[in-house]
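# Examination of the molecular architecture
The chain contents come next:
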Amino acid sequence: MAAPVEAPERRSALRRAARADRERHPLLVTGLICAFSLLLTVLATLAAVRADHGAERRLLQGQTRQAAAVISTAILLIQQPLSTTLAVQHATGPRGDAATFIRQVSGLVGPSKLFVDASLWQRGPGGTLRRVARVGAAATPPTRKYLLQALSSTTFTVRAVTVGARTRVGYALGDPKTGMIVYAERPIAASRRAPVDTDSAFADLHYATYLGRRISTSALQTTDVDPGTLPLTGSTSRAVIPFGNTVITLIAAPRHHLGSGLSRRLPLWLLLSGLVLTLLIARTGHRLSRGRHVAEGDAATIAELLGTVETLYGQQRELSVRLQRALLPYSMPTIPGLELASEYVAGAHGIDIGGDWYSIIPIAEDRFAFVVGDVSGRGVDSVAVMAHARFTLRAYLIDGASPGVALEKCSHQFDILLDGHITTAVVGIGNRRTGTVTLANAGHPAPLLLDATGANNVPTTPGPPLGCGPATYPETSFTIPAGATLFCFTDGLIERRGEDIDAGMSRLAATIQSVSDQPVSDIISHAVTTLRNDDAPDDIAVLAIRREVRR
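The structure reproduced in this document is the subject of the present report.

Calculation criteria
- Residues numbered from 1 in each chain as written.
- Predicted model: local features only at pLDDT ≥ 70, side-chain atom pairs only at ≥ 80, totals over all residues.
- Heavy atoms only, no water.
- Pairing = 2+ DSSP bridges.
- Helix = DSSP H or I, 4+ residues; strand = E, 2+ residues; numbered from the N terminus.
- Salt bridge = Lys/Arg side-chain N within 4 Å of Asp/Glu carboxyl O.
- Buried < 20%, exposed > 50% of the residue type's maximum accessible area, 1.4 Å probe, protein only.
- Axes fitted to C-alpha atoms, helices over the stretch in contact; angles between N-to-C directions.
- Parallel < 35°, antiparallel > 145°, perpendicular 65-115°, else oblique.
- Left-handed = near helix turned anticlockwise from the far one by under 90°.
- Contact = heavy atoms within 4.5 Å.
- Phe/Tyr/Trp six-rings, centres within 6.5 Å; stacked < 30°, edge-to-face > 60°.
- Lys NZ or Arg CZ within 6 Å of the ring centre and 35° of its normal.
- Core = buried A, V, L, I, M, F, W, Y, C linked by side-chain atoms within 4.5 Å.

Bridging between strand β15 (residues 448-451) and strand β16 (residues 454-457) involves four bridges; their strand directions are antiparallel. Bridged to L448 within β16 is N457. One ladder, built from three bridges, connects β15 with strand β18 (residues 485-489); its direction is antiparallel. Considered in β18, the bridge of L448 is made with F487.

See below:
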């Protein structure tokens, strides 16, 4: 009688085992799906973190280079008075003139001025040294060896001077022909803060500068943090800046996250999104017992999210380019007797806009003006400087100023130390009937004249970029022959990493000469297509003006 009882129990046990197997299968599938989804989430999060760290490193290096450029400009402002003073003394005679020296440097020496002390020295027979004149507060007398070193140096020499609890930097510049030596001392504030750190290039940086290549407390010159907290730690960037017969070593660290808020929050968003998706996948897979279909759907969702992120980056870059183009002319004006064409191409990397621009302006019945310019750096600040320069030059040209005068007046509207950007431009005024053009250049690549002889540089005498202080801009006049083309451009068209700029100019000349008989729009298109690299970081602006042949 036991067998009939055991048979149902055995069948029940087999059913329970089969049911357990069926339940374990979806759990196994769901577990595999969860593991795969978590792996994707971790990898995506790590990739976003790595991309953000890479972007931060590049931004830090770029801002460090900008800060180094500001310091280099400040060094020029220190070196120039020494060179000018020495040149004046050279003109006064072999023994120098104390009265002239005192008059010349009195405006530079004193509290809150460039120097606190300046002196003029004369080398005598047998290497003896005589102080000719001195202006300023008490200074630590320079050693004979140090002054004689200035006579044999090809640049000014630098030394650190301790006066009580304060530190000064001494500069000496010598003229080996006359044996004259100009020596000056500049104080370092007790707070170790330097005037240049008010520049926008330092806004996002903690920094420390050292005299020489050695990073030590004794070599520290300036910093924006408590010197007791040095050296700067974490993510840092280094730049070495030539400084007379030595160097300044700049160490910079970010004050905060330099990139966009999106790049900073993206890893967290991906992590949270991935965890939520994993929970959804597990729940759906367990409920439907078909984890494969759930995994496919969620994989598509993850791909869609990543595609959305890429789309957002693309839209942000497109908006940046549209903003840049909105500041350029909407269309080229119609000027009888001239064939005009232009093109602007945004840089291939990043979402920040640049400062390249062009303008062509009818200013009278037969006369027209044109401008092609470039502002260093990228971002909204660069575009603001570009818009300021573009509309200021346009106003002066319409008001009747010549190219050189327009640049000179415009330069007064800028200060390279405050703006933090280098602005170059080439400005011209032409006559459409005679083809005569008057040109002035503020540190910009010279245009090319494409005529029957080939593509040749227009000879110009470049002045300094806008905002470098009082300057004049010599003007050059020439004639565009009938059928010839004046080709103006920004340096993004010719510059390549590690290559001399003359090679880029020669390549451009050969490129446009090969299509010289084509319409100017085709010449520009061919030049941009041929010369621009797919990974070119800089923007390009091109303007071409052809004087038509009268029929």
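After that view of the structure, there is still more to cover.
Below, the discussion takes up the pattern of salt bridges. Within the structure shown, the criterion is met by nine salt bridges. Notably, a salt bridge pairs E185 with R159, separated by 3.5 Å at the nearest N-O pair. You can see E185 sitting in strand β5 (residues 180-188) and its partner R159 sitting in strand β3 (residues 157-163), a full 26 residues away along the chain. Looking at E185, the relative accessible area reads 0%, which means it is buried. Of the charged contacts in the structure, one is a salt bridge between R168 and E185, with a shortest N-O distance of 2.9 Å. Remark: E185 occurs in strand β5 and R168 occurs in strand β4 (residues 166-175); sequence separation between them is 17 residues. Its relative accessible area of 11% is what places R168 among the buried residues. Each of R159, R168 and E185 takes part in salt bridges that share partners, so that together they form one network.

What follows is about the packing of helix α9 (residues 501-513) against helix α10 (residues 520-531). One way to put it is that α9 packs onto α10 with a least axis distance of 9 Å and a crossing angle of 135°. Considered as vectors, α9 and α10 are oriented oblique to each other. Relative to α10, α9 is oriented so that their crossing is right-handed. Every residue of α10 that contacts α9 at R507, L508, T511 and I512 is listed here: I523, H526, A527, T530 and L531.

Below, the discussion takes up the sheet that holds β16. Taken in spatial order, the five strands make up an open sheet running β10-β19-β18-β15-β16, and their pairing is antiparallel. Lying at the two open borders of the sheet, with one neighbouring strand each, are β10 (338-345) and β16. In this sheet, adjacent strand axes meet at a mean angle of 20° when their direction is disregarded. Here α10 sits on the sheet and contacts β10, β15, β18 and β19 (540-547); the angle it forms with β10, its principal contact strand, is near 25°.

Enumeration over the complete set of coordinates arrives at eight aromatic pairs. Seen in terms of ring centroids, F156 and F243 are 5.7 Å apart; in terms of plane orientation they differ by 75°. Their pairing is edge-to-face. You can see F156 sitting in the loop between α3 (144-152) and β3 and its partner F243 sitting in strand β8 (residues 237-243), a full 87 residues away along the chain. Accessibility assignment for this pair places F156 and F243 in one class, buried. Aromatic ring contacts, followed pair by pair, group F115, F156, Y171 and F243 into a single cluster. Taking NZ or CZ as reference, R159 lies 5.5 Å from the ring centre of Y146, over its face.

This next bit is on the nonpolar core. Residues I71, Y171, F202, F243 and L250 are the most contacted members of the largest nonpolar core, which totals 42 residues. If we ignore the near neighbours within four places in the chain, the residues touching I71 are V196, F202, T209, I241, I248 and L250. Counting residues in each nonpolar core, the second largest holds 25 residues, with W357, I361, C410 and A442 among its members.

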